[in-house]
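Descriptive analysis of the structure
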Amino acid sequence: MANHMISSKLNAVTPTYVLPMHERPLAPVPIDKEIPVIDLGEERAVAAQQLVKALEQYGFFQVINHGIPDDLMDEAMEVYEEFFNLPVKEKENYAEKEETLYTNNPKHHASKEHKYWKEVLEHNCNIDGQDKQTWPSNPPTFREVIGAYSSEVRKLSMIIFDLVSEGLGLEAGYFGKGHGQRMFVNHYPICPDPSSTLGTGGHCDPNLITICQQQVYGLQILKNDEWIGVEPLPHAFVVNFGFPITVMTNGKLKSVAHRVVTNKTQARTAIGTYFCPANVVEPAKSFVGPENPPLFKPFKWGTEFLPHYFKNRAVYHAALEAFKINA
Ligand SMILES: O=C(O)CCC(=O)C(=O)O
Ligand SMILES: [Fe+2]
């Protein structure tokens, strides 16, 4: 039972968490200091170029000088950690509360027999704040702190969208303003056997952009078919784009696979904010022309792409196959 994982002092991993050999993170991986760190306090054109270069070379980058106060980031981390430290029974009140979901039994990306070593809390953050009613009310500061945090992260997303559209030569405001915003908070308890388990299996994100706050090591990205680690930097955010960017840039930018390893000595909480396209996703006009025919059909993100993604998540780029032209 997953609850054992959360509450007991097991020194062996329950079989359901032991992954098949080919999925285990057997070899230690280097923590790569090359993953670009972009200073958003830089001159605009410089930051825009750096962001695009980072997306071309790594698909991931970290941002500093992003304008979100350190204190607010610390408070958000404390609030989520306090939530995960609540008794399982209390957390399970949120197992399915409208759009707010808590689980300590997270699905493997492909197999029914296996599980990932984590707990997850997901909830929406609509601009008008109406979702707050379904958010946890314990710890008591949850709604106030996460309300403030989510609106700051929304502002950051708009800054990054503006810079990336400028750097890619897209019209101003190309990415729009009406994105769905969903918190996807992963908590990875201490694990007695990191070599046979994973916190999150390899996948590419389905949403347009993910802005993630982490302070303990665990995240790895796939570069040239090798996993490399992302160093946690104090008060930075890790940013990556998901599948829609590949379609919008007509194949120029790729979404990059990533996974999370477990940790024998320290629990890890990663606060992910997902921004999801509100409209149809299609190749941008400036990326198609007589020399560059569109490679993807337009699709509705929420109703056409997302269900397909969840069925095809284990094979990293499979989710886009169905939307390729002449596929
Ligand atoms: O825990 C993390 O750092 C990232 C988890 C992740 O990739 C996801 O939730 O999409
Ligand atoms: Fe992810």
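Here's what I pulled together on the structure shown here. What you see is a predicted model; the values in this text were computed from it and never measured. (Residues numbered from 1 in each chain as written. Chains lettered and ligands numbered in written order. Predicted model: local features only at pLDDT ≥ 70, side-chain atom pairs only at ≥ 80, totals over all residues. Heavy atoms only, no water.)

A short note on the site of ligand 1
What counts, and what does not: We call a residue near a molecule or strand when any one of its heavy atoms sits within 4 Å of it. Polar contact is defined as a pair of N or O atoms within 3.5 Å, subject to the rule that within protein one atom must be able to donate a hydrogen and the other to accept it, and that residues adjacent in sequence are counted only when both atoms are side-chain atoms. We get accessible surface area from the Shrake-Rupley algorithm with a probe of 1.4 Å; when it comes to residues, only the shown protein chains can shield them. Runs of H or I in DSSP of at least four residues are treated as helices and runs of E of at least two as strands, each being numbered from the N terminus. Gly is placed with the polar residues, together with every amino acid not listed as nonpolar (Ala, Val, Leu, Ile, Met, Phe, Trp, Tyr, Cys and Pro) or charged (Asp, Glu, Lys and Arg).
Taken together, Phe-184, Asn-186, Tyr-188, His-203, Asp-205, Leu-219, His-258, Val-260, Arg-268, Ala-270 and Tyr-274 make up the full set of residues adjacent to ligand 1. At 2.6 Å, a side-chain N or O of Tyr-188 approaches an oxygen atom of ligand 1. For ligand 1, the protein covers 92% of the area, taking 300 Å² as the surface of the free molecule. Within the residue set of the shell around ligand 1, elements represented by two or more residues are strand E6 (180-188), strand E12 (258-260) and strand E13 (268-276). Considering only residue class, the shell around ligand 1 consists of six nonpolar, three polar and two charged.

Let's talk about the side chain of Thr-249
Selection criterion: In this description, contact between two residues means that some pair of their heavy atoms is separated by no more than 4.5 Å.
Note that Thr-249 resides in the loop between helix H6 (243-248) and E12. When near neighbours in sequence (up to four residues on either side) are disregarded, Thr-249 contacts Leu-168 and Phe-287.

Some points on the packing of helix H2 (residues 44-57) against helix H5 (residues 142-168)
Spelled out, the test is: For every element, the axis is a line fit to its C-alpha atoms; helices are fit only across the contacting stretch, and the angle between N-to-C directions ranges from 0 to 180 degrees. These descriptions rest on fixed angle ranges, namely under 35 degrees for roughly parallel, over 145 for roughly antiparallel, 65 to 115 for roughly perpendicular, and the rest for oblique.
At a closest axis distance of 8 Å, the pairing of H2 and H5 adopts a crossing angle of 80 degrees. Between H2 and H5, the interaxial angle falls into the category roughly perpendicular. Where H2 approaches H5, its residues Arg-44, Ala-45, Ala-47, Ala-48, Gln-49, Leu-51, Val-52 and Leu-55 are matched on the opposing element by Ile-160, Asp-162, Leu-163, Val-164, Glu-166, Gly-167 and Leu-168. When its residues are assigned to classes, the contact of H2 with H5 shows ten nonpolar, two polar and three charged.

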